[in-house]
Amino acid sequence: MAYQFFHIETYSDAPKKVRGTADHYNSAEQVEGEAAREARYSQHVAVPQPPLPMNFDELVPLRQLIARRRQLVSGISETLTSKSGKIYMRKLRRDAATLYTEIHSHPMTSAEYLANRKANHPEVLKWAKLAVKDFQRRMPEGVEAAAVMHLDEGHVHMHILAINAGDPRLDANKLHAGKVAAAAYRESHVSEALASLPKPELHPLPLKPKKPRPSKNRETQKKRDASHKAALAQWGIDRMRVEARNKVLLREWEAANNAHLQAGRKARGKTHVQRAFNDALSKLQDDYYEAVGKPCGLLRDGPRRERLSTKEYAKRKRTARKIADELDKAEAASREITVTKAEIAKQQEKLAGWQKDLDAGEDNLSALAERLQAIGQELAAKSAALEKAEAAQHEKAMRQMQQLSAKEVKLANAQRDLAAKIEAITVREADLASAEEKLDSERHEISETTAAMEAVVDALESGDADIRNGKLHMVKPLGLLQRILEPMFKPQTKLQSIFNRFIKVMTRAAKGSGVAQPEARDEGYDFSGPQ
């Protein structure tokens, strides 16, 4: 025989990292699947085997319990009140503990049990019944539970899964002895949480430039857009600088705060809440020993707890086996009601002798205490060396952060220069667009003026126009000439002025030549340049 093993835990639907591991996470679904030996949750078992159901009184099948928990969780709605006083509804949080589990392990290996199942079954069955009975005794009303046994790992062990169906939130923490004790202490005492260092005052972020008002003038609008774009670029650079400085402040505060809290915890030691938690679990193990361990011949503590030698531990196991056997005999004797005073005295003498044997082992505790003290001094020296190495690493990290901050400032300056160049290019592009538009207008005007001059010459040559009394007369003037010669276009452009001068020169030349002028065929059209 060996020592008892009994572990309790609560789980939620949100995965939670297992302490001491790199990438192992547990959740309610994972624990349920492992108990049911689902393939994706049983990869740690070489050859998974179906679990053996424990069909004891008031227990339900495992699959039924799993479906029951998920159904209840999906139907829970909480009524909450926000800081502003608004009342709203929401589903149960994923990190709310809704599954309570217990693992009971028997010192018999699975191979030993399977090698002679018929002979070993009564012993394992007795242990399982006592464990389930003790579990049911500790649970409040409204708890629903299932139990299965696994024979495909190192030792024979049993999983008990339970839900607090009597609680509106299925709060599994109310079934955990340690968490119940810790919560009770918190409710009746002042919090012992350490206060963090005050956070540094961060630099205020620059305000984002407002978008300029739209303008009907396209040139003005382009300039405003370009100016706004440059302002946005500069704002982004300034914001990055401020955020970089704030990050440095927060990193420095976080490092100092962690060191402050670590030193405070070390000086304070365990809190009363932690002690209440540990004391409750220690009492739970004591009660479990009286209800299950002792009747099954199991020790309360293992060899590592008391630092026993191999011989002493073997002696303790033989003594525990004798105690279990005597308890069995005592139970049989009580059922038969045939115990005599002489037999009781004899049993007491035997128990006294065994107690002496146990007391003899206590003499070695002083030597063990000295050894533990030496080990403690060695650990203290190693801890000091580790703290020194951590301080050097912290100093190195601070230097790296300063170098990174300098690079960030250099990058911000480069971005500002780039924004200025972009702004100059934008202005240059606007000027080029304006010049191109002006050039297009002039080209169009040259084209129209040339066409008008050609039209006048053609009309004079064909006889559709003549010059009489110093004026040009056309039968049906072109609309092009009307646009060029109408007074509404004053002030005239340079090309329009040149065209009018061209008409004047032509009329003066015709008048001075003394050539006979043909009669006007339509006096309704009289176009002449400005006099």
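Residues numbered from 1 in each chain as written. Predicted model: local features only at pLDDT ≥ 70, side-chain atom pairs only at ≥ 80, totals over all residues. Heavy atoms only, no water.

A.B. asks: Is there a simple way to think about the overall build of the protein in this case?
C.D. replies: Assigned secondary structure in the protein consists of 13 helices and twelve strands. Partitioning the contacts of the protein with sequence separation of at least 6, the portion at a separation of at least 24 is 71%. (Helix = DSSP H or I, 4+ residues; strand = E, 2+ residues; numbered from the N terminus. Contact = heavy atoms within 4.5 Å.)

A.B. asks: Would you mind showing me how to read helix α7 (residues 272-293) here?
C.D. replies: An α-helical segment advances 3.6 residues per turn. Residues three or four places apart therefore align on the same side. The end-to-end C-alpha distance of α7, which contains 22 residues, comes to 29 Å, matching closely the 32 Å that a straight helix rising 1.5 Å per residue would cover. Those residues of α7 that fall on the buried side of the exposure criterion are Val273, Ala276, Ala280, Leu284, Tyr288, Tyr289, Val292 and Gly293. Of the surrounding secondary structure, the elements contacted by the buried residues of α7 are β1 (5-11), β7 (99-109), α4 (117-138) and α5 (177-188). (Expected span 1.5 Å × (residues − 1). Buried < 20%, exposed > 50% of the residue type's maximum accessible area, 1.4 Å probe, protein only.)

A.B. asks: How should I be thinking about α5 in this particular structure?
C.D. replies: When the terminal C-alpha atoms of α5 are compared, their 17 Å separation across twelve residues agrees well with the 16 Å that a helix rising 1.5 Å per residue should span. Taken together, the buried positions of α5 are occupied by Gly178, Ala182 and Tyr185. All buried residues of α5 fall inside an arc of 60° around its axis, so they share one side. Away from its buried face, by an angle of more than 90 degrees, α5 presents the exposed residues Glu187 and Ser188. Summarising the contacts, the buried residues of α5 are in contact with α7. (Arc of directions from axis to C-beta.)

A.B. asks: What exactly am I supposed to notice about the pattern of salt bridges here?
C.D. replies: All told, the structure shown has 25 salt bridges when counted by the stated rule. Salt-bridge contacts for glutamate 38 lead to arginine 63; the nearest nitrogen and oxygen are separated by 3.0 Å. Within this pair, whereas glutamate 38 is found in the loop between α1 (28-35) and β4 (52-53), its partner arginine 63 is found in helix α2 (residues 62-74), the two being separated by 25 residues in sequence. Classification of glutamate 38 by relative accessible area gives partly exposed; the value is 23%. Each of Asp13, Glu32, Arg69 and Arg70 takes part in a single network of salt bridges with overlapping partners. (Salt bridge = Lys/Arg side-chain N within 4 Å of Asp/Glu carboxyl O.)

A.B. asks: So what exactly am I meant to see when it comes to the pairing of β7 here?
C.D. replies: For β7, the tally of buried residues reaches nine of eleven residues, placing the bulk of the element in the interior. Relative to β7, β1 runs antiparallel, the two being bridged by seven bridges. Note on β7: the bridge partner recorded for phenylalanine 6 is histidine 104. When β7 meets strand β9 (residues 155-164), the two strands line up antiparallel, connected through seven bridges. Its bridge partner lying in β9, serine 105 is registered against histidine 157. (Pairing = 2+ DSSP bridges.)

A.B. asks: Explain the packing of aromatic side chains here, please?
C.D. replies: Aromatic ring pairs are defined here through the distance separating the ring centres and the angle between the ring planes. Counting across every chain of the model gives one aromatic pair. On the basis of an interplanar angle of 15° and a centroid distance of 4.3 Å, the ring pair of phenylalanine 6 and tyrosine 288 is categorised as stacked. A residue pair is termed long-range when its members are at least 10 positions apart, and phenylalanine 6 in strand β1 and tyrosine 288 in helix α7 qualify at 282 residues. Owing to a relative accessible area of 1%, tyrosine 288 belongs among the buried residues under this scheme. (Phe/Tyr/Trp six-rings, centres within 6.5 Å; stacked < 30°, edge-to-face > 60°.)

A.B. asks: Where do I start with the packing of α4 against α7 in this structure?
C.D. replies: Two measures define how a pair of helices packs: the angle their axes make with one another and the distance between the axes. The contact between α4 and α7 brings their axes to 9 Å, and the two run at 135°. Our classification of the angle between α4 and α7 gives oblique. As α4 runs across α7, the sense of the crossing is right-handed. Across the interface between the two elements, Trp127, Leu130, Ala131, Asp134 and Arg138 from α4 touch Leu284, Tyr288, Ala291 and Val292 from α7. When grouped by side-chain class, the residues that make up the contact of α4 with α7 number seven nonpolar, no polar and two charged. (Axes fitted to C-alpha atoms, helices over the stretch in contact; angles between N-to-C directions. Parallel < 35°, antiparallel > 145°, perpendicular 65-115°, else oblique. Left-handed = near helix turned anticlockwise from the far one by under 90°. Nonpolar A, V, L, I, M, F, W, Y, C, P; charged D, E, K, R; others polar.)

A.B. asks: Can you help me understand the packing of α5 against α7 in this one?
C.D. replies: At a minimum axis distance of 8 Å, the contact between α5 and α7 shows a crossing angle of 145°. α7 is crossed by α5, and the crossing has right-handed handedness. For the pair α5 and α7, the contacting residues are Ala177, Gly178, Lys179, Ala181, Ala182, Tyr185 and Arg186 in the first and His272, Val273, Ala276, Phe277, Ala280, Leu281 and Leu284 in the second. For the contact of α5 with α7, the residue count by class is ten nonpolar, two polar and two charged.

A.B. asks: Mind showing me how you'd approach the nonpolar core here?
C.D. replies: Counting residues in hydrophobic clusters, the biggest one holds 31 residues, and the most contacted among them are Met54, Tyr100, Trp127, Met149 and Met158. Secondary-structure elements contributing two or more residues to this core are β1, β7, α4, β8 (143-150), β9 and α7. Examining the composition of this core, we find that six residues originate from one element, α4, more than from any other. Not counting the four nearest positions on each side in its chain, methionine 54 is found in contact with Leu59, Ala128, Ala147, Val148, Met149 and Met158. Grouped together as the second largest cluster of nonpolar side chains are 13 residues, Tyr11, Val31, Ile66 and Ile163 included. (Core = buried A, V, L, I, M, F, W, Y, C linked by side-chain atoms within 4.5 Å.)

A.B. asks: What exactly am I supposed to notice about unusual backbone geometry here?
C.D. replies: Trans is the common state for peptide bonds, and a negative phi is the common state for residues other than glycine. Of note in this structure, arginine 37 is not a glycine but carries a positive phi near 60°. In this fold, arginine 37 is placed in the loop between α1 and β4. Residue class for arginine 37 comes out buried when judged on its relative accessible area of 9%. Of note in the backbone geometry, glutamate 58 takes a positive phi value of approximately 70° without being a glycine.

A.B. asks: Could you clarify how one ought to interpret the pairing of β9 in this entry?
C.D. replies: Every regular strand shows the same layout, with side chains that alternate between the two sheet faces. With nine of ten residues buried, β9 is to be regarded as a mostly interior element. Judged from the eight bridges that link them, β8 and β9 form a sheet pairing that is antiparallel. Residue pairing in the sheet places alanine 146 in a bridge with leucine 161 of β9. Between β8 and β9, which follow one another and run antiparallel, lie four residues.

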